[in-house]
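Okay, here's what each chain looks like letter by letter:
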Amino acid sequence: MDNPRLPYLHKKTLSLPMEPGVYIMHDKSGKVIYVGKAKKLKNRVTSYFRNVEKHLPKVYRMVEHVYDFDYIVTDSEFEALILECSLIKQYAPKYNILLKDDKGYSYVRISPGPYSRLTGVLQKNDDGAEYIGPYISSYVVRQTVAEANKAFMLPTCTKKFPQEFGKTRPCLNFYIKNCMGVCCGKISEKDYNETLAEALEFIKGGSTASIDKLTERMYAAAEAEDFERAAILRDRIRAIEGIASRQKVVFSKVEEQDVIAVAQSGETCCAVVLSFRGGKLVDKDEYILKDFGTDPASVTEFIQGFYAEKTDIPKEIALHEPCDDGELLSRWLSEKAGRKVTIIVPQKGERRKTTEMAYNNAAERLSHENLRTSREVAVLDELARMLGLEKPPERIEAYDISNFGSETVVGGMVVYENARPKRGDYRKFSFKDMAAPDDYACMCEMLERRFSHYEEEKEKGTSFGKMPDLILLDGGKGHVAAVQELFDRLGIAVPLFGMVKDDRHRTRAIAKNGGEIAISPVREVFNFVTSVQDEVHRYTITYSRQKHSKTNFELFITKAEGVGPKRAAALLKHFKTMKAIKAATEEELAAAPGMTAAAAKSLRAFLDSEE
């Protein structure tokens, strides 16, 4: 943790009262970077400044930038919640979740003829088109337009009619009966407009009214012996009925309900809110959240952020996973809504099915976030251009150093191949005999050890036996200069750059030997390098925490008579885990290498007394 203020901050927490209230974290400039509430201020705020290596990444980064804090004592935890929400709204702190509801109104757009198209848009323009709306929910508009286009087989391609009649073969939509094939030139404008009018009736009146009208027309066509027309209408009725059956939600007995679920993949989360009104799904909100989690505290923070500016609060909120302070949140939401609002976490039945639906939607969105093949290719091309590489880098290795004083100094190496993490090639490094932490020296030692392994394994061509196309260091020009000197001495010609962070611990630029390259103007490259830097930091800090925990346990068991540092290390090596040592019998301890019966008896008695 690179925050010299930690001792002062920890000492300051000792004078905090054991009362409910709100705490306000400031950075060095005095700016508010986080606001939180506590049932007992002293306990909550103290937890930030001890065991910092065990914090979640988001909290860890926040603590790194805390220079000072203030607090406000309240009469109750509920008053603390109200004050917290008010201060978050006032200061918009960087490390509090801030959800912006900027969807506005949506419209169904009917483009100018001939052969008008149906689309969903977010604003009404003076472009000669006809608009239906406004609608509050963009989700409903998108779904309705997609269903109308599919049911009535309207074209959704970019071709212009009648200019492009017969110029190309029909697309796949025509062959799977999702499009009538206007491009073939066999659909008259009159017939097309009639179908379009039926689609608009479906949008305005809903599936039931549309089916009734189409059924009347189908019977009229049959009586007139226009069997071809009747068959077309029959197929449209079946398509609408199919859509209507898919629209039936799993649970529709609750008139007003929001269903919330959060799914996580790596350091990225997706939160989904499904809104049911009148027993029907009327809206869906999705939020991609970085450095977030699915733990109860994170779910609570999301609920606060989501409903902070909302006026349409339902009677019931169903969660896929529990939140903290459910009763307080329920009371807060009830006061905002002017009636009782209940928060539940259903475990079975139809209510549980709706939360599973929300979770599946969140997981599906994350899967789309992770499948970006064309973007991966593009980002590597652009990265190579920016860095002056001869070709896009296929294998990228990134390195970071983490230290917890001189007793725990570790390094981490992560690997990306074709812009995707290759976790099987990740490696950890530990450093011994460090008189004082020295990032430059550790980074050089780590890279020197990595390339010594290359010479040993290059015949295999796997893991260390692969030569990287690009190396990125979590650090600035100083790190690059130090490692470049090592590379020059060893004759290593791999392109080397650093990943520079700003004073808010966000990726800012790429460092080269003697200067910097700004990457923020190119969003794809900026996002990719940020993800690499976040990943190597996460991997290294996780190993640092594990290593520090192991070291602490070694020191802990040396308190037992007859167990010194060497014997403690031998025990950990033999039993593999701290849990196994604690569970071992006296006989099993005595059988371990380097142990004696007397030492085993002493250690077993010590562990029992501590438990």
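Check the entry above for the structure.
Residues numbered from 1 in each chain as written. Predicted model: local features only at pLDDT ≥ 70, side-chain atom pairs only at ≥ 80, totals over all residues. Heavy atoms only, no water.

J.: When you look at the packing of aromatic side chains in this model, what are you seeing that I'm missing?
T.: Two measures describe an aromatic ring pair: the distance that separates the ring centres and the angle between the ring planes. Counted by the stated rule, this structure contains 19 aromatic pairs. Ring geometry for Tyr287 against Phe302: centres 5.8 Å apart, planes inclined by 65°, an arrangement best described as edge-to-face. Placement of the pair is Tyr287 in strand β9 (residues 280-290) and Phe302 in helix α9 (residues 296-307), with a sequence separation of 15 residues. Judged by relative accessible area, which is 13%, Tyr287 ranks as buried. Judged by relative accessible area, which is 0%, Phe302 ranks as buried. Aromatic ring contacts, followed pair by pair, group Tyr23, Tyr34, Tyr48, Phe49 and Phe69 into a single cluster. Cation over ring: Arg5 sits above Tyr67, and NZ or CZ is 3.8 Å from the ring centre. (Phe/Tyr/Trp six-rings, centres within 6.5 Å; stacked < 30°, edge-to-face > 60°. Helix = DSSP H or I, 4+ residues; strand = E, 2+ residues; numbered from the N terminus. Buried < 20%, exposed > 50% of the residue type's maximum accessible area, 1.4 Å probe, protein only. Lys NZ or Arg CZ within 6 Å of the ring centre and 35° of its normal.)

J.: In this structure, what is going on with the sheet that holds strand β2 (residues 32-38)? I would like to understand it.
T.: Sheets are built from strands paired through backbone hydrogen bonds, the pairs being either parallel or antiparallel. The strand order across the open sheet built from three strands is β2-β1-β3, with neighbouring strands paired in antiparallel fashion. Single-partner strands in this sheet number two, and they are β2 and β3 (68-73). The average undirected angle you get between the axes of adjacent strands in this sheet is 20°. Across six bridges, strand β1 (residues 21-26) lies against β3 in antiparallel orientation. Following the sheet pairing, Ile24 is matched in β3 by Asp70. Together, β1, β2 and β3 form the strand contacts of helix α4 (residues 77-91), whose direction differs from that of β2 by roughly 165°. (Pairing = 2+ DSSP bridges. Axes fitted to C-alpha atoms, helices over the stretch in contact; angles between N-to-C directions. Contact = heavy atoms within 4.5 Å.)

J.: Looking at this structure, how should I read the pattern of salt bridges?
T.: Going through the model one piece at a time under the given rule, you end up with 24 salt bridges. Of the charged contacts in the structure, one is a salt bridge between Lys458 and Glu455, with a shortest N-O distance of 3.2 Å. A residue is classified by how much of its surface remains accessible, and Lys458, at 37% relative accessible area, is partly exposed. A cluster of three or more residues bridged by salt bridges with shared partners is formed by Arg395, Glu397, Glu417, Lys422, Asp425, Arg450 and Lys466. (Salt bridge = Lys/Arg side-chain N within 4 Å of Asp/Glu carboxyl O.)

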